[in-house]
There are 2 protein chains.
Amino acid sequence: MSLRYALLALLRVGPLSGYDLAKQFTQSVGHVWHAPDSQIYPELRKMEGEGLVEAEEQARGERGRRRMYHVTPTGDQAFLDWMASPLEYQRTRDPAHLRAAYLETTTPDAAREFFEGHIRQWQGELVQWEGELTHIEMLSNPMLTRRLEATTDEDVRKRTIAYKRFAYEGLVEHALGEIAWAERGLALVDQLDADAT
Amino acid sequence: MSLRYALLALLRVGPLSGYDLAKQFTQSVGHVWHAPDSQIYPELRKMEGEGLVEAEEQARGERGRRRMYHVTPTGDQAFLDWMASPLEYQRTRDPAHLRAAYLETTTPDAAREFFEGHIRQWQGELVQWEGELTHIEMLSNPMLTRRLEATTDEDVRKRTIAYKRFAYEGLVEHALGEIAWAERGLALVDQLDADAT
DNA sequence: CGGAACATGTAACTCGTTACATGATTAC
DNA sequence: GTAATCATGTAACGAGTTACATGTTCCG
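Residues numbered from 1 in each chain as written. Chains lettered and ligands numbered in written order. Predicted model: local features only at pLDDT ≥ 70, side-chain atom pairs only at ≥ 80, totals over all residues. Heavy atoms only, no water.

Q: Account for the protein's contact with DNA strand C, naming residues and giving values.
A: Inspection of the region around DNA strand C gives 24 residues, with Glu62 and Arg63 of chain A together with Tyr19, Arg45 and Arg67 of chain B positioned closest. Of all atoms in DNA strand C that approach within 4 Å of the protein, 74% are sugar or phosphate atoms. The contact in question runs from a phosphate oxygen of DNA strand C to an N or O atom on the side chain of lysine 46 of chain A, over 3.2 Å. At a separation of 3.0 Å, a phosphate oxygen of DNA strand C approaches a polar backbone atom of glycine 64 of chain A. Counting residues per element, the ones that place at least two in the surface near DNA strand C are α3 (37-49) of chain A together with α2 (18-27), α3 (37-49) and β3 (64-71) of chain B. Looking at the surface near DNA strand C, the element that brings in the most residues is α3 of chain B, giving 4 residues. Its residues placed into classes, the surface near DNA strand C shows 6 nonpolar, 7 polar and 11 charged. (Near = heavy atom within 4 Å. Polar contact = N/O pair within 3.5 Å; in protein donor to acceptor, adjacent residues only side chain to side chain. Helix = DSSP H or I, 4+ residues; strand = E, 2+ residues; numbered from the N terminus. Nonpolar A, V, L, I, M, F, W, Y, C, P; charged D, E, K, R; others polar.)

Written out as structure tokens, the structure is:
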């Protein structure tokens, strides 16, 4: 249900084609809310049907076409309403901690591989999120600069940057926490393994 | 896809009816991998169809019946294979951090309510997980005690407890991290609000 | 005899995943 | 001309959510 609001957040800055939107998406909000192109196109059509966005079909060369989407006042209001509404949290569904709770059923080596995989996984996320943080600090993210160009109000610009930085800081801390936990996990496997022999 | 392994983990300890399984589930693995009863019953039927579990239909009074499920050797092996296989991570889809990145689009009060809701949410999780940790320490969790009764090997018992404790410690730390982040968020809102006036 | 707990589901729907399908235009 | 990139999707499936549906047995 959040996908459409992620899309609205990007489109509110200015009109984009489905293609451009999908590209921008993976480079910004996609780090927080993943969605493949094959989900974005149908969702845009659905939002169009509900009057949240409108598409202007443009010719591209002889036979090519593209649909430029822009947010309607209804869509704008829907986004603002969502922002002001209580957030719906998903129920916890955490495969890594589920598995961790049953590691006694496998070999020490498999347990080590699990924790090493966990570290790799979160290192990967960390790189993405730290990269985004750098882009935010340096104002080198394309969506962010478009967003900042759209306003002259210095306060709004400041808050825009502050909240984006803050959001990614939270994600970075989470990744660091997972990595630290998994490293302690490796130590635990070693210790239990040593005790057993 | 993890649901069936969560179910197998519980059933491996000993036979249970769908009803008992669902109850045990919410009190143990359900804290890590949520699933409603209406998902558990069909999944058991599906697993039965795939030969991972078998059901023994028992009479209960005159007309009542219940299906006692137990794990087959195939199911046992499937669980062990899963434990030794690389874990499939889900793509990040984090509504809270998505919203946090766009808080400049709403009022300071709505931003505060968001962070307060975030704190409430994770306080709730924290209570669950700290409760589980206490049950683990005190050996007062019914599934855990059944699990421990099933083995006499002191090493296995020790590791069983150690990994469960470790898994829940990780969850508790995550919850504490989210709460700390949201508290800093409240301070940020105040600061930006003060700067703006 | 009435309510709590036991017991097992179905149906409709939304969201997300994976794989596939197709063609146009631009830059070299 | 050919490869990269632009551009837009569909189809089938699996997982999860919400609401509903139904009946039994045990305990006081």
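Q: If you had to explain the relation of the copies chain A and chain B to someone new, which residues and values would you point to?
A: Screw-axis analysis of chain A against chain B gives a translation of 0.0 Å along the axis, an RMSD of 0.0 Å, and a rotation angle of 180°. Look at the turn and shift together and you get a two-fold axis relating the two. Among all residues of chain A, the one whose C-alpha sits closest to the rotation axis is histidine 174 of chain A, at a distance of 3.5 Å. Of the interface residues in chain A, 100% have counterparts in chain B that sit at the interface too, so the contact is made through matching surfaces. (Least-squares fit on C-alpha atoms with pLDDT ≥ 70 in both. Contact = heavy atoms within 4.5 Å.)

Q: Give me the lowdown on the packing of helix α1 (residues 3-11) of chain A against α3 of chain A, citing residues and values where you can.
A: Residue and element names in this part refer to chain A. Following both chains from N to C, one finds α1 and α3 inclined at 80°, their axes separated by 11 Å at the closest point. The angle between α1 and α3 places the two elements in the roughly perpendicular class. Touching Leu3, Arg4, Leu7, Leu8 and Leu11 of α1 are Gln39, Ile40, Glu43, Leu44, Lys46 and Met47, all from α3. Grouping the amino acids of the contact of α1 with α3 by side-chain chemistry returns 7 nonpolar, 1 polar and 3 charged. (Axes fitted to C-alpha atoms, helices over the stretch in contact; angles between N-to-C directions. Parallel < 35°, antiparallel > 145°, perpendicular 65-115°, else oblique.)

Q: Outline the sheet that holds strand β1 (residues 16-17) of chain A, listing residues and values.
A: All names here are of chain A. Overall, antiparallel pairing links the 3 strands, which are arranged β1-β3-β2 in an open sheet. The open sheet has two edge strands with one neighbour each: β1 and β2 (53-60). Sheet analysis places β2 next to strand β3 (residues 64-71), joined by 8 bridges and oriented antiparallel. The partner of arginine 60 across the bridge, within β3, is glycine 64. Running at roughly 55° to β3, α3 makes contact with β2 and β3 of the sheet. (Pairing = 2+ DSSP bridges.)

Q: I'd love a proper account of the sheet that holds β3 of chain B, names of residues and values included.
A: Read across the open sheet, the 3 strands follow the order β1-β3-β2 (chain B); overall the sheet is antiparallel. Where the open sheet ends on each side, the last strands, each with one partner, are β1 (16-17) and β2 (53-60) of chain B.

Q: Let's hear about the interface of chain A and chain B: which residues, and what values?
A: A common measure of how large an interface is: the accessible area buried when the components associate. Opposite the 70 residues of chain A that make contact, chain B presents 70 residues. When chain A packs against chain B, close to 6900 Å² is buried across both sides, 63% of that on carbon and sulfur atoms. Counting every contact that joins chain A to chain B gives 10 salt bridges. Here arginine 147 of chain A and glutamate 104 of chain B are joined by a salt bridge, their closest N and O atoms 3.2 Å apart. One can count 29 residue pairs in polar contact (both at pLDDT 80 or more) joining chain A with chain B. Secondary structure elements with two or more residues in the side of chain A that touches chain B: α1, α4 (73-84), α5 (95-100), α6 (108-137) and α8 (154-196) of chain A. Sort the elements by how many residues they give to the side of chain A that touches chain B and α8 of chain A lands first, with 22 residues. (Buried area = accessible area lost by both parts, 1.4 Å probe. Salt bridge = Lys/Arg side-chain N within 4 Å of Asp/Glu carboxyl O.)

Q: With reference to specific residues and values, describe the UniProt feature "domain: Transcription regulator PadR N-terminal" (unreviewed entry) in chain A.
A: Per the UniProt record, "domain: Transcription regulator PadR N-terminal" (unreviewed entry) is annotated on residues 7-79 of chain A. Along residues 7-79 of chain A the backbone is 48% helical and 25% strand, and the end-to-end C-alpha distance reaches 10 Å. (UniProt positions renumbered as here; feature names shortened; annotations may be inferred.)

Q: Can you lay out the pairing of β3 of chain A for me, pointing to particular residues and giving the numbers?
A: All names here are of chain A. Examined bridge by bridge, β1 and β3 share 2 bridges and lie antiparallel to one another. By the bridge assignment, leucine 16 is partnered in β3 with tyrosine 69. Counted along the chain from β2 to the antiparallel partner β3, the turn is 3 residues long, and its residue glycine 61 has a positive phi close to 70°.

Q: Summarise the protein's contact with DNA strand D; cite the residues concerned and give the values.
A: Around DNA strand D, 23 residues are found, and the nearest of them are Tyr19, Arg45 and Arg67 of chain A together with Arg63 and Gly64 of chain B. Contacts to DNA strand D include tyrosine 19 of chain A, whose side-chain N or O atom sits 2.5 Å from a phosphate oxygen. Contacts to DNA strand D include serine 38 of chain B, whose side-chain N or O atom sits 3.0 Å from a base oxygen. Secondary-structure elements contributing two or more residues to the surface near DNA strand D are α2 (18-27), α3 and β3 of chain A together with α3 of chain B. A breakdown of the residues in the surface near DNA strand D according to their chemical character gives 6 nonpolar, 7 polar and 10 charged.

Q: Please set out the side chain of threonine 72 of chain B residue by residue, giving values where relevant.
A: Residues and elements named next belong to chain B. Looking at where threonine 72 falls in the secondary structure, it is placed in the loop between β3 and α4 (73-84). Taking relative accessible area as the criterion, threonine 72 reaches 7% and is therefore assigned buried. Contacts of threonine 72, omitting those with residues within four sequence positions, involve Gly51, Leu52, Val53 and Glu54. (Buried < 20%, exposed > 50% of the residue type's maximum accessible area, 1.4 Å probe, protein only.)

Q: Any chance you could break down the nonpolar core for me, citing the residues and the numbers?
A: With 126 residues, the main nonpolar core has Phe25, Tyr102 and Phe115 of chain A together with Phe25, Tyr102 and Phe115 of chain B as its most contacted residues. The contact partners of tyrosine 102 of chain B, leaving out residues within four places of it in the chain, are Ala9, Leu10, Val29, Phe79, Met83 and Lys164 of chain A. (Core = buried A, V, L, I, M, F, W, Y, C linked by side-chain atoms within 4.5 Å.)

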